[in-house]
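Below are the chains, spelled out letter by letter.
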Amino acid sequence: MKINVLTLFPKMFDALKESLLGKAQEKNLIELNVINIRDFSKDKHKKCDDTTFGGGNGMVMTCQPIYDAVNFADKDKTCKRIYLSPKGKKLDQKEVIKLSSEKDLLLLCGHYEGIDQRVLDLCQFSEISIGDYIVSGGEIPAMVLIDAIARYIPGVLHCLESVNEESFSDNLLEYPQYTKPVEFMGLIVPEVLVSGHHKKIQEWRKEQSIALTKRQRPDLM
Ligand SMILES: C[S@@+](CC[C@H](N)C(=O)[O-])C[C@H]1O[C@@H](n2cnc3c(N)ncnc32)[C@H](O)[C@@H]1O
């Protein structure tokens, strides 16, 4: 999958050179193309924001640099275009799975008070929010989306099947996990998990998942 990102802060995406996403790029499973919107500004000072019409605090990102950057990154209009925005559809696992089957993505990161509505309309962006709170820019939301999608791309995870057992698959939270040692500070791993009895382990995990979801996220059930 090719993921194009339009941002005023390209260096923030250096964080994606680490860990799982770094390896996915090394293996060419994901191609990340981070584009600096400022490079497209026709303003002599490379300005990309201006004051709001109608008054109000803060600046708004202007149309021209974004419009030109979109047409550069997605000449053939093959990308699913997404503006990371608190006004968008709230991201959930179903949407992540759906997006993971797209061929190419174009992610637009806003800053300041947001982006001039006309360029969003002209370029036909759909909008995705990472939750009902405001962060200062679209970069971290874009990274959240990229990371979540990457886990569904074959070859990125060591074992793709593991995504089917995680929280939110089957509308359930994942069961508690334990590792070695068997005893820590007097707390002992549930006996069934060291029994080697596969069927009983599966049953225990399912029961735990259901109980945990009822207790912590009844809305999922
Ligand atoms: C400070 S926010 C602008 C908020 C805007 N004035 C509003 O009230 O809707 C700047 C940028 O951060 C990003 N952003 C902030 N919160 C977000 C969220 N919950 N989900 C996705 N993107 C978000 C968007 O790209 C937005 O353009």
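Quick caveat: nothing in here was measured; it's all calculated off a predicted structure. (Residues numbered from 1 in each chain as written. Predicted model: local features only at pLDDT ≥ 70, side-chain atom pairs only at ≥ 80, totals over all residues. Heavy atoms only, no water.)

As a further point, take the overall build of the chain. Within the chain, the secondary structure is distributed over six helices and nine strands. Expected size for 221 residues packed as a compact globule is a radius of gyration near 17 Å; at 22 Å, the chain overshoots this value by more than 25%. Classification of the 221 residues of the chain by burial places 40% in the buried group. Summed over all atoms, the accessible surface of the chain reaches about 13,700 Å², with 54% contributed by carbon and sulfur. Mean positive and mean negative side-chain charge positions of the chain (30 and 32 charges, respectively) differ by 2 Å. (Helix = DSSP H or I, 4+ residues; strand = E, 2+ residues; numbered from the N terminus. Rg over C-alpha atoms; globule rule 2.2 N^0.38 Å. Buried < 20%, exposed > 50% of the residue type's maximum accessible area, 1.4 Å probe, protein only. Areas by Shrake-Rupley, 256 points an atom, 1.4 Å probe, with all protein chains shown as cover. Lys, Arg positive; Asp, Glu negative; His and termini not counted. Charge placed at Lys NZ, Arg CZ, Asp CG, Glu CD.)

Moving on, we come to the nonpolar core. Ranked by size, the top nonpolar core spans 30 residues in total, and within it Ile-3, Phe-13, Leu-107, Leu-145, Ile-146 and Ile-149 carry the most contacts. For this core, the secondary-structure elements that each account for two or more residues are β1 (2–7), α1 (19–26), β5 (80–90), α3 (93–100), β6 (104–109) and α5 (139–150). For Leu-107, the contacting residues outside a window of four places in its chain are Ile-3, Asn-4, Val-5, Leu-6, Ile-82, Leu-84, Ala-142, Leu-145 and Ile-146. Leu-6, Cys-79, Leu-108 and Leu-120 belong to the second-largest nonpolar core, a separate cluster that totals 20 residues. (Core = buried A, V, L, I, M, F, W, Y, C linked by side-chain atoms within 4.5 Å. Contact = heavy atoms within 4.5 Å.)

Take the domain arrangement of the chain next. Split by domain assignment, the chain resolves into domain 1 (2–150) and domain 2 (167–220). Using only C-alpha atoms to locate each centre, domain 1 and domain 2 end up separated by 37 Å. (Domains from an automatic or database assignment.)

This brings us to the packing of α3 against α5. Relative orientation of the contacting elements α3 and α5 amounts to 70°, with a least axis distance of 9 Å. With respect to α5, the element α3 is oriented roughly perpendicular. Counting all contacts with α3, which are made through Val-96, Leu-99 and Ser-100, the residues of α5 involved are Leu-145, Ala-148 and Ile-149. Of the residues that constitute the contact of α3 with α5, the class distribution is five nonpolar, one polar and no charged. (Axes fitted to C-alpha atoms, helices over the stretch in contact; angles between N-to-C directions. Parallel < 35°, antiparallel > 145°, perpendicular 65-115°, else oblique. Nonpolar A, V, L, I, M, F, W, Y, C, P; charged D, E, K, R; others polar.)

Turning our attention to the pattern of salt bridges. Under the defined criterion, the tally for this structure stands at 12 salt bridges. Between Lys-42 and Asp-68 there is a salt bridge; the shortest N-O distance is 3.3 Å. Of this pair, Lys-42 sits in the loop between β2 (31–36) and β3 (49–51) while Asp-68 sits in helix α2 (residues 63–73), and the two are 26 residues apart along the sequence. For Lys-98, the salt bridge goes to Glu-95, with nearest N and O atoms at 3.8 Å. You can see Lys-98 and its partner Glu-95 sitting in helix α3, three residues apart, about one turn around the helix. Several salt bridges share partner residues, and in doing so they unite Lys-89, Glu-95 and Lys-98 into one network. (Salt bridge = Lys/Arg side-chain N within 4 Å of Asp/Glu carboxyl O.)

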